[in-house]
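An overview of the molecular structure
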Amino acid sequence: MSRGGPHRDGGPAGPGSPGPITTDRERRAARGWRDSVRQYALEVRGSVRGGERGPLLVLAGLLVIWIVFQGLDDKFLSPRNLSNLSVDIVGTGLVAVGIVFVLLIREIDLSVGSVSGLAGAAFAVLNVNHGVPEWLAVIVAVATGTAVGAFHGFFHAWLGVPAFVVTLAGLLIWNGLTLYLLGASGTINIDEEGLVASLTSRHFGNDLVAYAVAALGTAGYFLAAHRRRSRHRAAGMPYRTEGDIGMRTGLLAVVAFAGAHTLNRFQGLPLALLIFLVVLVVSDYLLRRTRYGRRVYAVGGGVEAARRAGIGVERVRVAMFMVSGTLAAFGGLFVASGLTSASPTTARAAGSGMLLINAIAAAVIGGTSLFGGRGSPWSVLLGVVVIQSIASGMGLLGVQDAVQFMITGGVLLAAVAADALSRRAQARRGRP
Amino acid sequence: MSEVVPVAHPPVLALRGITKRFGGVQALVDVDLRVRAGEVVALAGDNGAGKSTLVKVISGVSPADRGVIEWEGRLVQIKRPHDAHALGIATVYQDLAMCDNLDVVGNLFLGREIDRVGVLDEVEMERRARDLMRALSIRIPDVRVPVAALSAGQRQAVAISRSLMGAPKVLLLDEPTAALGVEQTSHLLDLIEEVRDRGMAIILISHNMGDIKAVADRVAVLRLGRNNGLFDVSTVTQEQIISSVTGAADNAVAHRSKGDEEAWP
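Just so you know, these numbers come straight off a predicted model, no measurement behind them. (Residues numbered from 1 in each chain as written. Chains lettered and ligands numbered in written order. Predicted model: local features only at pLDDT ≥ 70, side-chain atom pairs only at ≥ 80, totals over all residues. Heavy atoms only, no water.)

Next up on the list: the overall build of chain B. Secondary structure summary: chain B contains eight helices and twelve strands in total. Here the C-alpha atoms of chain B give a radius of gyration of 19 Å, agreeing with the 18 Å that 2.2 N^0.38 yields for 265 residues. Principal-axis analysis of the C-alpha atoms places the extent of chain B at approximately 55 × 40 × 35 Å. Here chain B holds 265 residues, and 59% of them are scored as buried. (Helix = DSSP H or I, 4+ residues; strand = E, 2+ residues; numbered from the N terminus. Rg over C-alpha atoms; globule rule 2.2 N^0.38 Å. Buried < 20%, exposed > 50% of the residue type's maximum accessible area, 1.4 Å probe, protein only.)

Here you go:
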């Protein structure tokens, strides 16, 4: 060991470093909100260099959409419409979260629309036609989605069939099965007082519930950020400043309590929204904080590297299609709940791909890349609000379906183009 | 710096009579190679001389048809990558195989994450990553940048430090300087010496005579799948190595030094 040498200071980086976090013990006391803003800008720049698109552009887009629709129809931003919006996003949103898992490993699942239709039909046939208890019918319906995902995953991972072909075949197969199941009886209306119907109809009338959830979310965020800060500090590593954490927590609190207040002005916190938020929190934690999630990102970022690191790539692939199938089925129950029926018409609609397109668009608009390894479940929240805002606004204005299709397709194309452009920019800048 | 190593030690890794055939092609014929702790053995040879095949034999990707492999004096079998890994052989391939989307910490610990009941201990991983980067004097902007944002040289350095994470005894480097500029190459050669001085045995596959002269202790030449010379770098000239590589001098020093202790400098 003759070369222990002059140690470089372990601090992150010289000038121009995209490092997201500041280290400096000396300066930490003096940091105000201005530094926080600058730090946030640095952080955005760092992640953009790494191939992520910041959410700011999408937020700006959402703002424009809201202002335009509010200008055209002043009912758009009414508590009633926003509350309905918060319920309507959930079905598509859950399907989109499943899509994120598959996109992260650089694959695609085109069958999710059909699978969600199948789950709704399976539930209705079992519960209404055969008198199976609701809870059991729900479990079977969701498990059907899991099994379908395993089926796709098997063909893709073990037989090496490209995922888009497997799931394209699946799109037709499961749509056919749905029509077959419903065929004899036509539209099946589900129990309007039942468990599945309550998924979208139940609201927590007590104002305190919405505020409590907002407070809990904010406090949870603050405590987690604070704990990370202390641990980094104790280990002598770069950490966020108090002011920075405070500002982020403050912003979150404003959004959360404004949302809670708005919802309370109509019927209170919808159960569907609560479930959606829980799914987002859990899947985000799973993907970003656990060993398993790290492997998912690794498979998306470099299959060969993942394989050499001893990761069972095939198993991860099968698992991701199972997650996608499961969430598609779960989302399908929310769709059926919203309509209080499972019908061949909606099955045909699912086959026509509206739900599929919306789910993919939601994931990609929010910032999950089609090219694998980049994005997170939270991206879905932003994306699905954008998509559903457009749909809801056009619905209010009475725009005909034909035009809605063209606009939704155009939005998807724009989002995908932005994704491809950011990838090209990254290739020019970062890679050797 | 090579006197750090006591000469009495047996080689960490010794290959004898390695033969490998692909269909009708003899890729390797009776090849010998040894490497001791704390030395850099360069493996030189023209395209198709069998360097890559030999790397695959050692790393277990494509085992030999015939031949003997000794690890610290005892006979071993390397049938799969896992065997090589378990012995303590780490390989850095030319393509590096990194996950571009993950940061440096994520890549360093890929497949051996530190966790508590499945939840990543990011703080501990980051701390160790910083320590490692500092100990090896590797200059990167920050351990939290995605490797996609690093230069070719920085990526190479990260790939090498990742291969050290499992505390291996033999490090195989496949053309590490091929894609690097002058300054990056010099940083990388410093890193190789740094690693060598930690008592690691290094097999360096290289085309570049300058790199070989700068960092290797010995150079083994392969030609048409056979040993074609084993030289002590401090005494051999670049021309001698090149003529051995090209076959201009088939009777180079220590030609076919099979089992020949005298051939060892």
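Next, the rest of the story.
To continue, consider the pairing of strand 1 (residues 13-22) of chain B. Residue and element names in this part refer to chain B. Strand 1 sits mainly inside the fold: seven of its ten residues count as buried. Where strand 1 meets strand 4 (residues 66-71), five bridges bridge the pair, whose relative direction is antiparallel. Of the residues in strand 4, the one forming a bridge with Thr-19 is Arg-66. (Pairing = 2+ DSSP bridges.)

All names here are of chain B. Positioned with a positive phi, Leu-96 is a non-glycine residue whose angle comes to about 65 degrees. Note on placement: Leu-96 falls in the loop between strand 6 (89-92) and helix 3 (104-108). Taking relative accessible area as the criterion, Leu-96 reaches 10% and is therefore assigned buried. In this structure, Glu-175 takes a positive phi of about 50 degrees despite not being glycine.

Moving on to the sheet that holds strand 11 (residues 218-223) of chain B. Residue and element names in this part refer to chain B. Across the sheet, which stays open at both edges, the six strands sit in the order 6-9-10-3-11-12 with mixed pairing between neighbours. Sheet topology places strand 6 and strand 12 (226-232) at the edges, where each strand pairs with a single neighbour. Recorded for the sheet is a direction-independent mean angle of 20 degrees between the axes of neighbouring strands. Relative to strand 12, strand 11 runs antiparallel, the two being bridged by five bridges. Of the residues in strand 12, the one forming a bridge with Ala-220 is Leu-230. The strands touched by helix 1 (residues 51-59) within the sheet are strand 3 (40-45), strand 6, strand 9 (170-174), strand 10 (201-205) and strand 11, with strand 3 carrying the most contacts at an inclination of about 140 degrees. The strands that helix 5 (residues 152-163) touches are strand 6 and strand 9; relative to strand 6, the one it contacts most, it runs at about 165 degrees. (Axes fitted to C-alpha atoms, helices over the stretch in contact; angles between N-to-C directions. Contact = heavy atoms within 4.5 Å.)

Once that is clear, we can look at the pattern of salt bridges. Summed over all chains, the structure comprises 29 salt bridges over all chains. One network of salt bridges, in which partners are shared, links Arg-294 of chain A together with Asp-103, Glu-122, Glu-126, Arg-130, Asp-142 and Arg-144 of chain B. (Salt bridge = Lys/Arg side-chain N within 4 Å of Asp/Glu carboxyl O.)

This part covers the packing of aromatic side chains. All names here are of chain A. What the rule picks out here adds up to six aromatic pairs over all chains. On the basis of an interplanar angle of 80 degrees and a centroid distance of 5.7 Å, the ring pair of Phe-151 and Trp-174 is categorised as edge-to-face. Of this pair, Phe-151 sits in helix 5 (residues 134-158) while Trp-174 sits in helix 6 (residues 163-183), placing them 23 residues apart in sequence. Taking the relative accessible area as the measure of exposure, Trp-174 reaches 12% and is therefore buried. (Phe/Tyr/Trp six-rings, centres within 6.5 Å; stacked < 30°, edge-to-face > 60°.)

Moving on, we get to the sheet that holds strand 5 (residues 74-76) of chain B. All names here are of chain B. What the four strands build is an open sheet, ordered 2-1-4-5; its pairing is antiparallel. Bordering the open sheet on either side are strand 2 (25-35) and strand 5, each of which pairs with just one other strand. Direction aside, neighbouring strands of the sheet carry axes that sit 30 degrees apart on average. In terms of strand pairing, strand 4 meets strand 5 through three bridges, oriented antiparallel. By the bridge assignment, Trp-71 is partnered in strand 5 with Arg-74.

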